[in-house]
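These are the residues of each chain, in order.
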Amino acid sequence: MKYNNTKNLTEGSYRKNIIDFAIPIMLSQLFQQLYNSADSFIVGKYLGDNALAAVSSSGPLIFLLISFFTGTSMGAGVVMSRYFGAGDDKRLSKAIHTNIAVGLITSTLLTMFGVTMTPHILRAMDVDKAILPQSIAYFRTYFTGVIFVVMYNICKSIMNAVGDSKRPLMYLIITSVLNVLLDILFISIFKMGVEGAAIATIIAQVVSVILCLVHLMKKGTVFQVRLKDIKIDKEMFIDICKYGLPTGIQNSVIGFANVLVQTNINYFGKEATAGCGAYSKIEGFAFLPVTSFSMALATFVSQNLGAGKIDRVKKGSRFGIITSVILAEIIGVIIYVFAPQFIGIFTKGKKVLQIGVKQARTAALFYCLLSFSHCIAGICRGAGKAIVSMFIMLGVWCIFRIVYITVAISIKKEIGLLFMAYPITWFISSVIFAIYYKRSNWINGFKKKA
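Figured I'd write up the structure that's included with this text. (Residues numbered from 1 in each chain as written. Predicted model: local features only at pLDDT ≥ 70, side-chain atom pairs only at ≥ 80, totals over all residues. Heavy atoms only, no water.)

1. Remarks on the overall build of the chain
Basically, it comes down to this: Helix numbers and strand numbers start at the N terminus; a helix is a DSSP run of H or I with at least 4 residues, a strand a run of E with at least 2. Here the radius of gyration uses the C-alpha set of atoms, whereas the globule reference equals 2.2 Å times the residue count to the power 0.38. Only protein chains enter the calculation, and the probe is 1.4 Å; a residue is then buried if its accessible area is under 20% of its type maximum, exposed if over 50%, and partly exposed in between. Two residues qualify as a contact provided that any one of their heavy atoms is within 4.5 Å of a heavy atom in the partner residue. Each accessible area value is a Shrake-Rupley result obtained with a 1.4 Å probe; residue values ignore everything except the protein chains displayed when judging cover. His is not counted, nor are the chain ends; Lys and Arg add positive charge and Asp and Glu add negative charge. Throughout, a charge is located at the NZ atom of Lys, the CZ atom of Arg, the CG atom of Asp or the CD atom of Glu.
In terms of helices and strands, the chain carries 15 helices and zero strands. By the compact-globule yardstick of 22 Å for 450 residues, the chain fits well, its C-alpha radius of gyration being 21 Å. With respect to the three principal axes, the spread of C-alpha positions in the chain is 60 × 50 × 35 Å. A total of 450 residues make up the chain; the buried ones form 60% of that total. A separation threshold of at least 6 residues defines the contact pool for the chain, and within that pool the share at least 24 residues apart is 85%. About 17,900 Å² of surface is accessible on the chain, with carbon and sulfur atoms providing 68% of the total. Once the 45 positive and 20 negative side-chain charges of the chain are each reduced to a mean point, those two points are 5 Å apart.

Written out as C-alpha cells, the structure reads:
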C-alpha cells in the first residue's frame, strides 16, 4: 500500500508533529470562520438586521442536529488513527468504508428530520415572529443539502486519521472563496434572500465532497475508498459506536445547551438574537487553537497508543495543552479589547452592537478554560476514553448550565446572566478534567487487538 499524503505521528519530534498537524487544521478553521463571517456580513449588509437575526437564530439548532454526526465521525477517526499507527491496513480499510456507509445512512435520515420538523422546532425555540418566516426558509434550504456537510466531515476525518491535515485545508480554501462569491451572486445580484445564503453553502459543500472523494479514491493508497466496499462491517461498526457515540453525544449535549441558551436569548428580542449572532462569528476565531489542537491531540494520542509509545503520548499531550491554552488566551485578550470594532463589522444598530460587545467581554478572558477543557476531551477521545468527556460535558455544560440559566433568569431578567453561563461552566469542567488528567489511568484506553 502507498503511504504518500499521510503523516505518521509516531516518529520524529512530537512538538513538530503536533504543530505541523495542528496548523493546517487551524488555518482550515480560520478560513471556515472567515467565510461564515463573510456570510453574515453579506446577509446583514444586503438584507438587514432581521435577516441576520433569522440566520443567527438557526445557528445553534443547525449545530445541534449535525454535531452528533460530526462527533461520531471524529470518534471514528480515533479508530482509524489507531489502526494506521499500528500498521493494520486491513482493519483501517474496513473502518473507513464502514464510516462512510454509516454517514450516508444517518445523513439521509437527518435531512428528512430537519426539513420536516423545521417550523415546529423554531417555534419551540421562541424565535421572534418578525424573523420566523426567514428562519424557516434558511433552515429548510440548508438541510436539503446537509448530507454533503456530514460527508465532508467524514472525508476530513479519514484524511486527518492518516495524518493529512493539509489537503482538507486546501479544499476548504477553494470552497470558502466559492461560498463567498456565491453569497454575493445570489443575495446582492439575484435577490434570493436568506435562501440564497443557504444554497451558496450547499453548493460549496458539494464541491468540497467531490474534491475529497477524488483524492480518497486514488488507487493503491492505504486510505483508498472503493464504492463496492462501502458497507457496514460488524466489528468496525461496534468500534465506531464505542468510540464515536460518546463524542457524538458530547457534541449534541453542547449543541442542546446552546439551543436552550439561544431560546433564552430570543426571549430578549430580535436585537439580542442579532447581537449574539454577530458575537458568535467573532467567538469562532477563539476556537481556532481550541479545535485544531484538540483534533491534533486526538490523532496524535490515538496513533501513538496504537504504536505502544506511552511516554511520547504523555509528553505530546502536555505540550499540546499548554500551547493551545496560551494561544486561546491571546485571542481572548484581543477580542476583549477590540470587541466594539469586531461586532461593528456586522451591524450598525446601537442596541445590537451593545449586546454583542457585552457578550464578548463577558466570555473572552476565559477562553483559556474553554481551550483546556477541549484539549483534555481530545486526549480522552484519542485514548479511547471519550465516554469520560461525554459525562463531564453532560453534567456541566448541559445539566448544570440549564439549571444555572433557569434559576438566574427566574431571579432577574438580565441577559448578562445568560452570558455568564459560559465562563462558569468552562471553569467547572476544567477543574474536573484537570483532576481526571492527573489522577486517572487514561493512558490505557485501548486493548491491543491481535
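Next, the rest of the story.
2. Focus: the environment of I62
Tracing the chain through its elements places I62 in helix α2 (residues 49-86). Look past the residues within four positions of I62 in its chain and what remains in contact with it is Y138, F139, Y142 and F143.

3. Considering helix α14 (residues 386-411)
We count it as follows: Take the number of residues in a helix, subtract one, and multiply by 1.5 Å to get its expected span. Two axes enter the bend calculation: one fitted to the seven residues ending at the residue in question, the other to the seven starting there, and the bend is the angle between them.
Taking 1.5 Å per residue, 26 residues should reach 38 Å; α14 reaches 36 Å between its end C-alpha atoms and fits that length. The largest bend in α14 is about 30°, located at M393.

4. Description of a nonpolar patch on the surface
Stated precisely, the cut-off is as follows: Patch membership needs two things, relative accessible area over 30% and no salt bridge, and members are linked within 9 Å if like-charged or within 5 Å if nonpolar (Val, Leu, Ile, Met, Phe, Trp, Tyr). Here, a salt bridge means any side-chain nitrogen of Lys or Arg that lies within 4 Å of a carboxyl oxygen of Asp or Glu.
Together, I322, I326, L327, I330, V333, I334, Y336, V337, F338, L365 and F366 line one region of the surface with nonpolar side chains, adding up to about 920 Å² of accessible area. Turning to its location among the elements, Y336 is positioned in helix α10 (residues 310-337). Looking at Y336, the relative accessible area reads 33%, which means it is partly exposed.

5. Comments concerning the nonpolar core
To keep it simple, the criterion reads: To qualify as a nonpolar core, a set must consist of buried Ala, Val, Leu, Ile, Met, Phe, Trp, Tyr and Cys residues joined through side-chain atoms within 4.5 Å.
Counting 70 residues, the largest nonpolar core has I321, I335, Y367, I376, I379, W426 and W442 as its most contacted members. Examining the composition of this core, we find that 16 residues originate from one element, helix α9 (residues 270-306), more than from any other. Each residue touching W442, except ones within four places of it in the same chain, is listed here: V313, S317, I379, A383, K385, Y436 and Y437. Within the second largest apolar cluster, 63 residues are counted, among which are A53, M125, I158 and F223.

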